[in-house]
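Here is what each chain is made of, one letter per residue.
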Amino acid sequence: MSASRRIILLGPPGAGKGTQAELLAENLGVEHISTGEMLREEVRRGTDLGRKAQGYMDRGELVPDSLIIEMLGGRLGEGFILDGFPRTIEQATALDRLTKLDRALLIGLAQDEVVRRLTARRVCERCGLNYNLLFHPPQVEGVCDVCGGKLIRRNDDNPEAIRRRYRVYQAETAPVKEFYRKRSILAEIDGVRPIEEVFRDALDTLAGSAP
Ligand code: AMP
């Protein structure tokens with residue numbers, strides 16, 4: 001069987017989608033595409049899209065489907081791991097028209113663990129690299145190991161926005177699971193374990209036959 005090369009990662013905020021997408025993309029030799037990171041880059045550059053998206057992001061709401069779909073159109077090549085997209089049924093339907101997916105991998109995490117993790121998350125304001133004070137701290141407090149940039153808290157990693165993001169996930173994104181379950185490409189793994197363990201499980205799951 002040929003390995004999966006067109007993969008989406010689903011799961012609540014803080015489940016480790018970004019971290020796992022990075023590791024999987026390197027291992028499988030495919031591109032890592034994060035719509036959240038693309039949007040934060042637009043905000044950093046002060047583009048028209050960035051200005052439109054920023055308010056939604058800071059409040060922990062979803063950016064309108066039309067903006068996201070337009071931003072992503074044309075970015076998808078032969079092999080990719082999509083992290084943070086699709087987040088609504090409308091996005092899943094649009095993606096269906098753009099490409100044929102091999103697998104949808106759901107990383108599960110309960111709400112109290114989501115809050116605990118996101119409160120401890122830090123991100124480099126210069127290069128965007130993620131850290132977590134609980135299980136992946138920087139070598140020097142407040143400084144990025146790789147580029148020396150300052151580590152900050154994301155605007156949307158405050159208690160109010162975290163709670164809203166989890167609610168939005170339950171209401172808007174959880175139905176996307178069923179969308180892929182019906183197509184028989186959904187697999188679920190438990191995200192509450194150490195990074196390396198989740199990664200092994202993800203690789204094994206993606207290497208196996210469709211569930
Ligand atoms: P993330 O980095 O994936 O947690 O995304 C951060 C924020 O960007 C989200 O809370 C949304 O406001 C926005 N965002 C990212 N991806 C999407 C998407 N596929 N649809 C709508 N909004 C998104």
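Below you will find a few notes about this structure. (Residues numbered from 1 in each chain as written. Predicted model: local features only at pLDDT ≥ 70, side-chain atom pairs only at ≥ 80, totals over all residues. Heavy atoms only, no water.)

On to the nonpolar core. Judged by nonpolar contacts, the single largest core of 27 residues is most densely connected at Ile8, Leu82 and Tyr180. Of all the secondary structure elements, the ones that give two or more residues to this core are strand S1 (6–10), helix H2 (35–45), helix H3 (48–59), helix H4 (65–72), strand S3 (80–83), helix H5 (89–98), strand S4 (103–108) and helix H7 (159–182). (Core = buried A, V, L, I, M, F, W, Y, C linked by side-chain atoms within 4.5 Å. Buried < 20%, exposed > 50% of the residue type's maximum accessible area, 1.4 Å probe, protein only. Helix = DSSP H or I, 4+ residues; strand = E, 2+ residues; numbered from the N terminus.)

Turning our attention to the sheet that holds S3. Strand order in the open sheet formed by five strands is S2-S3-S1-S4-S8, and the pairing between neighbours is parallel. The open sheet terminates on both sides in strands that have one partner only, identified here as strand S2 (31–34) and strand S8 (186–190). The sheet shows a mean angle of 20° between the axes of neighbouring strands, taken without regard to direction. For S2 and S3, the ladder comprises four bridges, and the chain directions are parallel. Of the residues in S3, the one forming a bridge with Ser34 is Asp83. Along the sheet, helix H1 (residues 17–28) makes contact with S1, S2, S3 and S4, crossing S3 at roughly 175°. Packed on one face of the sheet, H2 meets S2 and S3 and runs near 65° to S2. (Pairing = 2+ DSSP bridges. Axes fitted to C-alpha atoms, helices over the stretch in contact; angles between N-to-C directions. Contact = heavy atoms within 4.5 Å.)

Turning next to the packing of H2 against H4. Contact geometry for H2 and H4: axes closest at 11 Å, N-to-C directions at 95°. For the element pair H2 / H4, the angle class is roughly perpendicular. Contact residues: Thr35, Met38 and Leu39 in H2; Ile68, Met71 and Leu72 in H4. Looking at side-chain class alone, the contact of H2 with H4 contains five nonpolar, one polar and no charged residues. (Parallel < 35°, antiparallel > 145°, perpendicular 65-115°, else oblique. Nonpolar A, V, L, I, M, F, W, Y, C, P; charged D, E, K, R; others polar.)

Treat this as a map of the structure, not an account of what it does.
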